[in-house]
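# Coordinate inspection notes
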Amino acid sequence: MIIAIDVGGTKIAAALLDGTEIIERREIPSVIHQDFTLLPETVISLVKDWREQASAVAVACTGQVTPTEVKFLSISTEAILPLKALLSDALSLPVSIINDAAAAAWAEYAIGGHTDVDTLVYITVSTGIGGGMIQNGNLVTSNDGFSAHLGHVSVQQPHQHTQYCVCGRQNCVEAIASGTAIARQASEILGTDVSCKEVFNDHLDNPLIKKLLDRCADSVIDLIANIKAITGTESIVIGGSVGLAAPFQALIAQKVVNLPNIYSVKISQPVMKANADLIGAALYLRELNL
Ligand SMILES: [Zn+2]
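Each value, and the rule that gives it
- Residues numbered from 1 in each chain as written.
- Predicted model: local features only at pLDDT ≥ 70, side-chain atom pairs only at ≥ 80, totals over all residues.
- Helix = DSSP H or I, 4+ residues; strand = E, 2+ residues; numbered from the N terminus.
- Rg over C-alpha atoms; globule rule 2.2 N^0.38 Å.
- Contact = placed C-beta atoms within 7 Å.
- Domains from an automatic or database assignment.
- Nonpolar A, V, L, I, M, F, W, Y, C, P; charged D, E, K, R; others polar.
- Buried ≥ 20, exposed ≤ 12 C-beta atoms within 10 Å, placed from the backbone.
- Arc of directions from axis to C-beta.
- Pairing = 2+ DSSP bridges.
- Axes fitted to C-alpha atoms, helices over the stretch in contact; angles between N-to-C directions.
- Core = buried A, V, L, I, M, F, W, Y, C linked by C-beta atoms within 7 Å.
- Expected span 1.5 Å × (residues − 1).

### A word on the overall build of the protein chain
- Of the regular secondary structure elements, the protein chain holds 10 helices and 13 strands.
- Since a compact globule built from 290 residues should have a radius of gyration of about 19 Å, the 19 Å found for the protein chain is in line with a globular shape.
- Summarising its shape, the C-alpha atoms of the protein chain cover approximately 60 × 45 × 30 Å along the three principal directions.
- The long-range fraction of contacts in the protein chain, counting pairs at least 24 apart against all pairs at least 6 apart in sequence, stands at 62%.

### Re the domain arrangement of the protein chain
- According to the domain assignment, the protein chain contains domain 1 (2–100 + 274–288) and domain 2 (114–268).
- Computed over C-alpha atoms, the centres of domain 1 and domain 2 are 26 Å apart.
- Each partner contributes residues to the interface: domain 1 has eight residues there, and domain 2 has six residues.
- Its residues assigned to classes, the side of domain 1 that touches domain 2 shows three nonpolar, four polar and one charged.

### Description of helix α3 (residues 83–91)
- Along α3, the positions that sit buried rather than exposed are L83, K84 and L87. On an axial view of α3, the arc spanned by its buried residues comes to 100°, and they lie on one face.
- Buried-residue contacts for α3 involve α2 (39–47), β4 (56–61), β6 (70–71), β7 (80–81) and β8 (95–99).

### Section: the sheet that holds β6
- The antiparallel open sheet is built from three strands, whose spatial order is β5-β6-β7. In this open sheet, the two edge strands, each paired with only one partner strand, are β5 (64–65) and β7.
- Bridging between β6 and β7 involves two bridges; their strand directions are antiparallel. Note that in β7 the partner of V70 across the bridge is L81.

### Focus: the sheet that holds strand β13 (residues 266–268)
- With mixed pairing, five strands are arranged side by side in an open sheet as β11-β10-β9-β12-β13. Among the strands making up the open sheet, the edge pair consists of β11 (138–139) and β13.
- Here helix α8 (residues 207–231) sits on the sheet in contact with β9 (120–125), β10 (129–135) and β12 (235–239), set at roughly 155° to β9.

### Focus on the environment of D193
- Inspection of the secondary structure puts D193 in the loop between α6 (179–190) and α7 (196–202).
- The exposure class assigned to D193 is exposed, which follows from the 11 C-beta atoms found within 10 Å.

### Thoughts on the nonpolar core
- Of all hydrophobic cores here, the largest spans 88 residues; its most connected members are A4, V59, W106, A281 and A282.
- No other element matches α8, which puts 10 residues into this core.
- Ignoring sequence-local partners within four residues, the contact set of V59 consists of I5, V7, L83, V95, S96, I97 and A281.

### Describing the pairing of β4
- Within β4, five of the six residues are buried, which leaves the element mostly enclosed by the surrounding structure.
- Pairing analysis gives six bridges linking strand β1 (residues 2–7) to β4, with the strands arranged parallel. What sits directly across from D6, in β4, is A60.
- Inspection of the sheet shows β4 paired to β8 by five bridges, in the parallel sense. Within β8, the residue paired with A60 across the bridge is I98.

### Remarks on the pairing of β1
- The buried fraction of β1 is high, at six of six residues.
- Residues I2, A4 and D6 line one face of β1 and the alternating positions I3, I5 and V7 line the opposite face, and both faces are buried.
- In terms of strand pairing, β1 meets strand β2 (residues 11–18) through six bridges, oriented antiparallel. Looking across to β2, one finds that V7 is bridged to I12.

### Side note on helix α10 (residues 276–288)
- Compared with an ideal rise of 1.5 Å per residue, which puts 13 residues at 18 Å, α10 spans 18 Å between its outermost C-alpha atoms and is within 8% of the ideal.
- With 10 of its 13 residues buried, α10 lies for the most part within the structure.
- Turning to α10, its buried residues number three or more, namely A276, D277, L278, I279, G280, A281, A282, L283, Y284 and L285.
- Looking at the buried side of α10, the elements it contacts are β1, β2, β4, β8, α4 (100–111) and β11.
- Of the residues one or two after α10, N289 is the one with positive phi, at around 50°.

Okay, here's the thing in structure tokens:
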């Protein structure tokens, strides 16, 4: 059996898996924004009683995930943890770590029913924007853990709506169309603080909010076209709380057909739901033959 762990910004989930079947699952609030140095001991105490039953540990983690470390650059440039060594020493088991969106992408590719493709891109449009790319049957990764942070692909914006991204560039799609960015821009328009959820629930009739969401959808369409040019993928899966919001989905569906023919791509929703990161991490561990 495999111990799978999913470290997110708000929660940490763990499961004992037999293949893709969840035998037992646990969930606790995340500690990374409170004090990221608590992460290793928190995770170890969450799963250590499963150690005897497991042959390996598969971790999906938010942030920049290298083959051995995780970096939380949104927290601090010093926020680097050698998570693989810390967990394998404490649990005496082989450990693999991948980015959480990459894990979700792998789950979608491996068991999401996309049997006719060997290249697939998964985009999650949520609090932030992340992604995972499978090219010719392989998950695209990089030693610095920056691939595939699709939220930091820069897209077109009208000059008066230039957005500055935390990464240091302008008009990254995450700075325009993520839940955080939508809430920030909508709060400016409405003159009062609103969450992204409130924008979708209460303000869709406001013409200025309509224009904002239209611009956000255009930026995601630009991202889709850029991804198409880089990967040639025939299939893009869009998930996340914003990506799956019905009004946003409708805008994407309406606009994607207007791209020039060479950019044509099938857009679908993820088949894998709540446990995609856990199952994807466990499935990807198999590929590594640890
Ligand atoms: Zn950026």
